[in-house]
Amino acid sequence: MDLIWESTLMVLTGILLLRIAGRKSISQMTLAQTVVMISIGSIIIQPIIESSLFRTMVAASVFIAALIIMEYVQVKWNFAEKFITGKSKVVIENGILNIPELKKMRFSVDQLEMRLRQQGISDIADVKVATIEPNGQIGYELKEDAKPLTVRQFKQLLAQTPQDVEDSPSPLFKEVINPTEPSSSQKTLK
């Protein structure tokens, strides 16, 4: 019965500590955050193996405190953010792959293309800049010709064309008359 009580208490403690740590999915976590979360998972198991419930709760709390301090330091100082989290890496520039950077990151062209397709991008040539962010996500900016039409651009386009065609006194299309050919009224008179 003690094992069930301790396990339930550790699961609730884990949930509480992870709520304090913040709401990020695994794909959004930085390297430091992932290490802390894995460590907490390992620590939470310890009371089942040993009978040190209090020590385990304190150790897990220390990991969460360390995570919160690291996040604060990253927000406060830019150099700390670069050291702890890293910087985004440019992998496409003006539609051209940066193969040396991909090799450094151990990232294949096929993996990059798959991620771009998941974002709705079918042609690398349409990409102005693409980066792999520290959390592993793809950031990108499309070239002007490949960007989708925005509502503002659509409204500007509509403002350039006649809006009230039905209210207009002149017809939508004007008949073009060839001056060398006799008009239809002249043809009937003959």
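Check the entry above for the structure.
Residues numbered from 1 in each chain as written. Predicted model: local features only at pLDDT ≥ 70, side-chain atom pairs only at ≥ 80, totals over all residues. Heavy atoms only, no water.

Attention now goes to a nonpolar patch on the surface. A surface patch of nonpolar side chains, amounting to about 380 Å² of accessible area, comprises Leu149, Phe154, Leu157 and Leu158. As for its position among the elements, Leu158 is in helix H7 (residues 151–160). (Patch = residues over 30% accessible without salt bridge, like charges linked within 9 Å, V, L, I, M, F, W, Y side chains within 5 Å. Areas by Shrake-Rupley, 256 points an atom, 1.4 Å probe, with all protein chains shown as cover. Salt bridge = Lys/Arg side-chain N within 4 Å of Asp/Glu carboxyl O. Helix = DSSP H or I, 4+ residues; strand = E, 2+ residues; numbered from the N terminus.)

Here we come to the sheet that holds strand E1 (residues 89–93). Read from one edge to the other, the open sheet built from four strands follows the order E2-E1-E3-E4, with strand pairing classed as antiparallel. Pairing within the sheet leaves two strands with one partner each, and these edge strands are strand E2 (96–97) and strand E4 (138–142). Inspection of the sheet shows E1 paired to E2 by two bridges, in the antiparallel sense. Pairing of Ile92 across the sheet is with Leu97, part of E2. (Pairing = 2+ DSSP bridges.)

What follows concerns unusual backbone geometry. Of note in the backbone geometry, Asn94 takes a positive phi value of approximately 55° without being a glycine. Position of Asn94 among the secondary structure elements: in the loop between E1 and E2. The residue Arg106 is not glycine, and still its phi comes out positive at about 55°. Tracing the sequence through the fold places Arg106 in the loop between helix H5 (99–104) and helix H6 (109–118).

This part takes up the nonpolar core. The nonpolar side chains of a soluble globular protein tend to be buried, and buried together. Core analysis: the biggest nonpolar cluster contains 13 residues, and Val91, Ile92, Leu112, Leu116 and Val127 have the highest contact counts within it. Those elements giving two or more residues to this core turn out to be E1, H6, strand E3 (127–132) and E4. Looking at this core, the element that brings in the most residues is E3, giving three residues. For Leu116, the contacting residues outside a window of four places in its chain are Ile92, Ile121, Ile124 and Ile138. In this structure, Val36, Met37, Ile40 and Leu67 belong to the second largest nonpolar core, which totals five residues. (Core = buried A, V, L, I, M, F, W, Y, C linked by side-chain atoms within 4.5 Å. Buried < 20%, exposed > 50% of the residue type's maximum accessible area, 1.4 Å probe, protein only. Contact = heavy atoms within 4.5 Å.)

Pairing between E3 and E4: five bridges, direction antiparallel. Bridging from a neighbouring strand, Val127 pairs with Leu142 of E4. Between E3 and E4, which pair antiparallel one after the other, the connecting turn spans five residues, and Gly136 there sits at a positive phi close to 95°.

This next bit is on the pairing of E3. The pairing of E1 with E3 spans four bridges and is classified as antiparallel. Residue pairing across strands places Ile92 opposite Ala130, the latter belonging to E3.

We now examine the pattern of salt bridges. Following the criterion strictly, the structure yields four salt bridges and no others. Glu101 serves as the salt-bridge partner of Lys104, at 4.0 Å between the closest nitrogen and oxygen. Linking Lys104 with Glu101, this pair stays in helix H5, spanning three residues, or about one helical turn. Overall, Lys104 belongs to the exposed group, its relative accessible area being 61%. The salt bridge involving Lys128 is made with Glu141; its shortest N-O contact spans 3.7 Å. Taken as a pair, Lys128 in strand E3 and Glu141 in strand E4 lie far apart in primary sequence, 13 residues in all. Taking relative accessible area as the criterion, Lys128 reaches 35% and is therefore assigned partly exposed. On the basis of relative accessibility, which here comes to 34%, the residue Glu141 falls in the partly exposed class. Each of Lys128, Glu141, Glu144 and Lys147 takes part in a single network of salt bridges with overlapping partners.

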